[in-house]
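Working through the structure, step by step
Listed here are the chains, written in short residue letters.
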Amino acid sequence: MSVPKFAVVGHPNKGKSSLVATLARDPSVGIGPEPGTTVCARPYPMRLNGEVMYVLVDTPGFQRARAALDWMRRHEADAGSRAQVVARFIAEHAGEERFQDECELLRPIMEGAGIIYVVDGAAPYGPEYDAEMEILRWTGRPSLALINPIGQPRFVESWQAALRQFFSVVRVLDVMQARFDQQIELLRLFGHLVDDWRGRLDEAVAALLDDRRRQREDAAAAMAEMIGAALTHVETKDIGHDEDPQPHISPLEQRYRGRLRQLERQARAEVESIYGYTDLDRQESEFDLLEMDLLARETWLAFGLKRRDLVAIGAAGGAVAGGVIDVSLLGASFLAGSIVGGVIGGALGWIGSDKLGEVKVLHQPLGGKRLRYGPTKNLQFPFVLLGRALLHHRMVAIRTHAQRGRLELGSGTVQELPDTVKRQLAVHFDRIRRAPPATERHSTAVVLLGQLIASLMEPDESSSS
Amino acid sequence: MPERISPSLADVIGLALAVEHDARLTDAARHERDRQVLEAAGTVESDRGRAALAWLQATETIAPELQQLRQRTTGALLGLSVLLSLAGVLLGTTTTWALFTYDGTGRVNVVAVLAVLVGLPTLFLVGFLLAVLPRRALEMLPGLPALSAAAQGLSPGKLARPLRRLLPRDARDAIEQVLRIWRQHHTLYGALQKWTILRWSQLLAVWYLAAALVVMITLVVFTDLAFGWSTTLTSGQAQEDARILHTGTSAMAAPWQWAWEIARPSLELIEETRYFRAVGGRLSLGQAARLGAWWPFVLMSVLTYALLPRLLALILASGAQQRAARAALLETPGLTAALRRVHRLRIETQAETPEIGRADGPIMDATTEAAPPEHGYAAVINWAQVPVPDEDLRLRFGAQAVHHAGGARPVEEEPAVVQALASSSGEGGVLVVVKAWEPPLLELLDFLQAVRRELGRQRPIVVLPVGADDGSSITVPRPDHLQVWQKKLRRLADPWLSVSRELPEATRP
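Residues numbered from 1 in each chain as written. Chains lettered and ligands numbered in written order. Predicted model: local features only at pLDDT ≥ 70, side-chain atom pairs only at ≥ 80, totals over all residues. Heavy atoms only, no water.

As for the sheet that holds strand S5 (residues 401-405) of chain B
Residue and element names in this part refer to chain B. An order of S5-S4-S6-S7-S8 is seen for the five strands of this open sheet, with the pairing classed as parallel. For this open sheet the edge positions go to S5 and strand S8 (497-499), each flanked by a neighbour on one side alone. Pairs of neighbouring strands in the sheet enclose a mean axial angle of 25°, with direction left out of account. Strand direction decides the pairing type here: strand S7 (residues 461-466) and S8, joined by three bridges, are parallel. Residue Val 462 lies in a different strand from S8, and its bridge partner there is Ser 498. Taken strand by strand, helix H17 (residues 414-423) contacts strand S4 (377-383), S5 and strand S6 (429-435), and its axis lies near 160° from that of S5. Those strands touched by helix H19 (residues 479-490) are S6, S7 and S8, and its axis lies near 165° from that of S8. (Pairing = 2+ DSSP bridges. Helix = DSSP H or I, 4+ residues; strand = E, 2+ residues; numbered from the N terminus. Axes fitted to C-alpha atoms, helices over the stretch in contact; angles between N-to-C directions. Contact = heavy atoms within 4.5 Å.)

Take a look at the structure:
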């Protein structure tokens, strides 16, 4: 089975490179308003586990189609030899600057590529296209015409009428905005050009669909991880026993908010990277935390001990000491020694924790106050985060690699979630909040949330609004 | 079912460092590295743990400094284990030596020996058990979580921190990296940290007790130890005290008495070996010989109630550390993204060669907006069938002749058009009306250059791109279209060639 190859050809500046950038998901494709951005034929092989499934070839536009056709007509013997004439044209003009673009674009076709001829449906058809379409007909290769409206599709009908004179398959597709399902549909259509190519293209399409599902799941997992981290995040600051906490509160709050924003930005970058976008310029707004006072104070002690630990140790020590008295009295005290010792030891531990905090060893305090900021208890907060993440995901998922502008997040909105879904989400958020971070329970809760989010993304798949 | 992976602590730290290193790479470098990883690791494993280790191994192949760091970490952690073991040996040797000090004036007090070599380790073992209890079990009894935290806080394994100063500089640096990673993600690596410290504690305890046993056996073999027992906690009846102690020792000896009868002290031995410091007196040879008979019991007690449980605790802690390492490895921050990136490379759609740009000449720095030529237009050329009647063009631009070229017209007609222009009278310029929405093609530039050759220098050639909103009548061009035309024509570097955007109304003479 031969490897399907498609040469994307046409007039300059009609969206050939945009089509290739969209289908090949390649941001490196040069797209510009000036004609002649593409100089050489550039192949974009689609590899599945290293095996080439099909190849798209971006080509320069026709620059001297009439002169080329003129040469071909002068060398034509009969209609049956036209393909050979085209091949001869390439052979004789290879290396010549005059027909460099024509040779570059015709070479892959004569090497066996199918033709995808791209025109702009927003501009009127003109007779200057006839020469290039005639040359393509001379090649005798399977072909398909694509009307790509770069703006208002006002002239689609006149184009269809003209293109049907030269091509058996004519389709309309805005390649800049082409949804994933439309891209897949186009690839399937390519498979119909040559029977021998269908199997390989079907396999490629199946792999791309599977990859798209994985992208969605991965993106959902990244969102769930972000929400999981944001819901349990705590900022702490240890200060001296007698230190005034006031100057530390605002920086602590800033750090907390900064970390949540960082988590969101990281998740967005991750989602973009999953969809093949790196360094995407994003226009985004910061979220509001919805609640202000997340501050708590507690005492900290060296070696990771807490006040309750000292109380427990004191109580246990007191109980042991009291127990010795009980033993010496051979039980006559009815465990009064242990009980009294435990109470006294516990009380000493409570008082001692404060005192211990004041002690310094090698100039390092053994305890003090701990200021904690977070985690947020606001029930709406995870919904806000999720809503923003879903909106961002949708904008990224429907974006094509032909679009080169900023990703504007301000204008979009997400669909209101049904109450049943909201309740399910609330349960998952609650599970995450309850599970201590970095435990299996927490990981499981995050994974389950990711699965639920992935299921919420399904309806977005074919939505372009 | 595939065999589960057993990553070491060094693997976990190595992976965290490799992912950190990954984050510092540029996107292009990372992409290239991911491709190399995919090639080195073969297909990405579906098992996340294996995939993580395969990723680490492949990354280290490409960045050997990471491999060296992991090897140093492995060595440093081993060194720390050795230091803790040595500390255990030292502590066990000195403690046992002190306990068994016997200069012939007193006795080796069995109660003190058991308290230090069995009681104290048992107390610490209780601490260990408290520390390892699962959270749910701890929550069942108030105060248990606190005791568990306290037991962790007081774990002897924490001696590793000061002991690291004894390691060579390289190893110390590697341990610093471990501590830094732990601090940075203290929640994530909390369980691993806890089990590592608990494992170190068990290691220290095992060596402490092993050293104690060795010292004890050595002293038993090479010296004449005289054991006795003595306590202030008494019932006041010597026989009753001996009976109670005999019951206790018999219970303790139950596990081995079937195999080693003499390792269970008899009631007579217990009665004979009690001593009171207040009652002195010398012993006969026979009595003195009887005093050594305690050693099998002491030996077996330390072995059974201290060393064996510690060995079990060490195995338990090692297993738990292994599980925690596996869990931490899977949760390494950034790993998911790294694996996703590599997995994504399974499907590649992008170009494998860089795009080649056109080597255009420099853009001429000249005025591009043209005013109508001083002597008007001698001729107008409608290029590529712009939808406008010839009469309209004549009336708008006051030209005598309107010619057609480009579009569907054959190339061979163009020399005749150029000739006609050259023969047109006067100093008037030539206006070329083009479709603004179509890009300027090289065939038009060829034509303009041919016209220039025929007209000679200084006769103005003006290109007028026009729009056609409805496809049938001409309008002023869109600014972006005009810009494309201006930019392209400037490349011809012809000072008498300009682009106009003026579209005068048609006026009848």
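Observations regarding the environment of Leu53(B)
For Leu53(B), the position within the fold is in helix H3 (residues 48-62). With 368 residues separating them along the chain, Leu53(B) and Leu421(B) place their C-alpha atoms 77 Å apart.

Looking at the nonpolar core
Formed by 61 residues in total, the largest nonpolar core has its most connected members in Leu15(B), Trp55(B), Phe128(B), Trp182(B), Tyr189(B), Leu192(B) and Trp195(B). At nine residues, helix H1 (residues 9-23) of chain B tops the list of elements feeding residues into this core. Non-local contacts of Tyr189(B), meaning those with residues more than four positions away in its chain, are made with Val12(B), Ala16(B), Ile181(B), Trp182(B), Ala328(B), Thr332(B) and Pro333(B). By size, the runner-up hydrophobic cluster in this structure holds 45 residues, among which are Met226(A), Leu425(A), Leu452(A) and Met457(A). (Core = buried A, V, L, I, M, F, W, Y, C linked by side-chain atoms within 4.5 Å. Buried < 20%, exposed > 50% of the residue type's maximum accessible area, 1.4 Å probe, protein only.)

Describing the environment of Ile181(B)
Residues and elements named next belong to chain B. For Ile 181, the location among the structural elements is in helix H9 (residues 169-184). When its relative accessible area of 0% is taken as the criterion, Ile 181 is described as buried. When the C-alpha positions of Ile 181 and Ser 148 are compared, they lie 24 Å apart, and in sequence the two are 33 residues distant. The contacts of Ile 181, once residues within four sequence positions are left out, are Ile 13, Ala 16, Leu 17, Glu 20 and Tyr 189.

Overview of the pairing of S5(B)
All names here are of chain B. Both S4 and S5 contribute to a ladder of five bridges, which runs parallel. Counterpart to Trp 383 in the pairing with S5 is Ala 405. Each parallel crossover has a hand, and for S4 linked through helix H16 (residues 390-397) to S5 it is right-handed. (Right-handed = clockwise from strand over helix to strand, strands pointing away.)

Examining the sheet that holds strand S3 (residues 347-348) of chain B
Taken in spatial order, the seven strands of this open sheet run S6(A)-S5(A)-S4(A)-S1(A)-S3(A)-S2(A)-S3(B), and their pairing is mixed. Taken across any chain shown, the strands that pair with only one partner, and hence form the sheet edges, are strand S6 (170-172) of chain A together with S3 of chain B. Of the pairings in the sheet, the one linking strand S5 (residues 143-147) of chain A to S6(A) comprises three bridges and is parallel in character. Across the sheet, Ala145(A) pairs through a bridge with Val170(A), a residue of S6(A). Relative to strand S1 (residues 5-10) of chain A, helix H4 (residues 100-110) of chain A is tilted by about 150°, and along the sheet it contacts S1, strand S3 (51-58) and strand S4 (114-119) of chain A.

Quick notes on unusual backbone geometry
Residues and elements named next belong to chain A. Following Gly 374, the chain continues into Pro 375 via a peptide bond in cis, with omega recorded as 0°. Mapping Pro 375 onto the fold places it in the loop between strand S12 (367-373) and helix H12 (381-398). A positive phi angle is found at Asn 13, which is not glycine, with a value near 60°. In this fold, Asn 13 is placed in the loop between S1 and helix H1 (16-24). Asn 13 sits in the partly exposed class, given a relative accessible area of 29%. A positive phi angle is found at Arg 25, which is not glycine, with a value near 50°. When you line up the elements, Arg 25 lands in the loop between H1 and strand S2 (42-48).

Quick look at the pattern of salt bridges
What the rule picks out here adds up to 40 salt bridges over all chains. Arg180(B) serves as the salt-bridge partner of Glu20(B), at 2.9 Å between the closest nitrogen and oxygen. Within this pair, whereas Glu20(B) is found in helix H1, its partner Arg180(B) is found in helix H9, the two being separated by 160 residues in sequence. The exposure class of Glu20(B) is partly exposed, given its relative accessible area of 21%. For Arg180(B), a relative accessible area of 28% puts it in the partly exposed group. Overlapping salt bridges, with partners in common, bring together Arg64(A), Arg98(A) and Asp446(B) in one network. (Salt bridge = Lys/Arg side-chain N within 4 Å of Asp/Glu carboxyl O.)

Quick word on the interface of chain A and chain B
The interface of chain A with chain B comprises 73 residues on the first partner and 62 residues on the second. Interface of chain A and chain B: buried area, both sides summed, is about 5500 Å²; carbon and sulfur atoms make up 49% of it. Looking at the side of chain A facing chain B, the largest losses of area belong to Glu34(A), Gln63(A) and Arg66(A), adding up to 13% of the total buried there. At the junction of chain A with chain B, the criterion picks out seven salt bridges. With a shortest N-O distance of 2.5 Å, Asp446(B) and Arg64(A) are connected by a salt bridge. One can count 14 residue pairs in polar contact (both at pLDDT 80 or more) joining chain A with chain B. At the level of secondary structure, the elements contributing two or more residues to the side of chain A that touches chain B comprise S2, helix H2 (65-74), helix H8 (195-232), helix H9 (246-274), helix H10 (307-328) and helix H14 (440-457) of chain A. With 10 residues, the top contributor of residues to the side of chain A that touches chain B is H8(A). Per-class residue counts for the side of chain A that touches chain B are 35 nonpolar, 15 polar and 23 charged. Taken together, the two bridges between S2(A) and S3(B) define a ladder with antiparallel strand orientation. Within S3(B), the position partnered with Arg47(A) by the bridge is Glu348(B). (Buried area = accessible area lost by both parts, 1.4 Å probe. Polar contact = N/O pair within 3.5 Å; in protein donor to acceptor, adjacent residues only side chain to side chain. Nonpolar A, V, L, I, M, F, W, Y, C, P; charged D, E, K, R; others polar.)

Without other data, these values stay purely geometric and don't point to any function.
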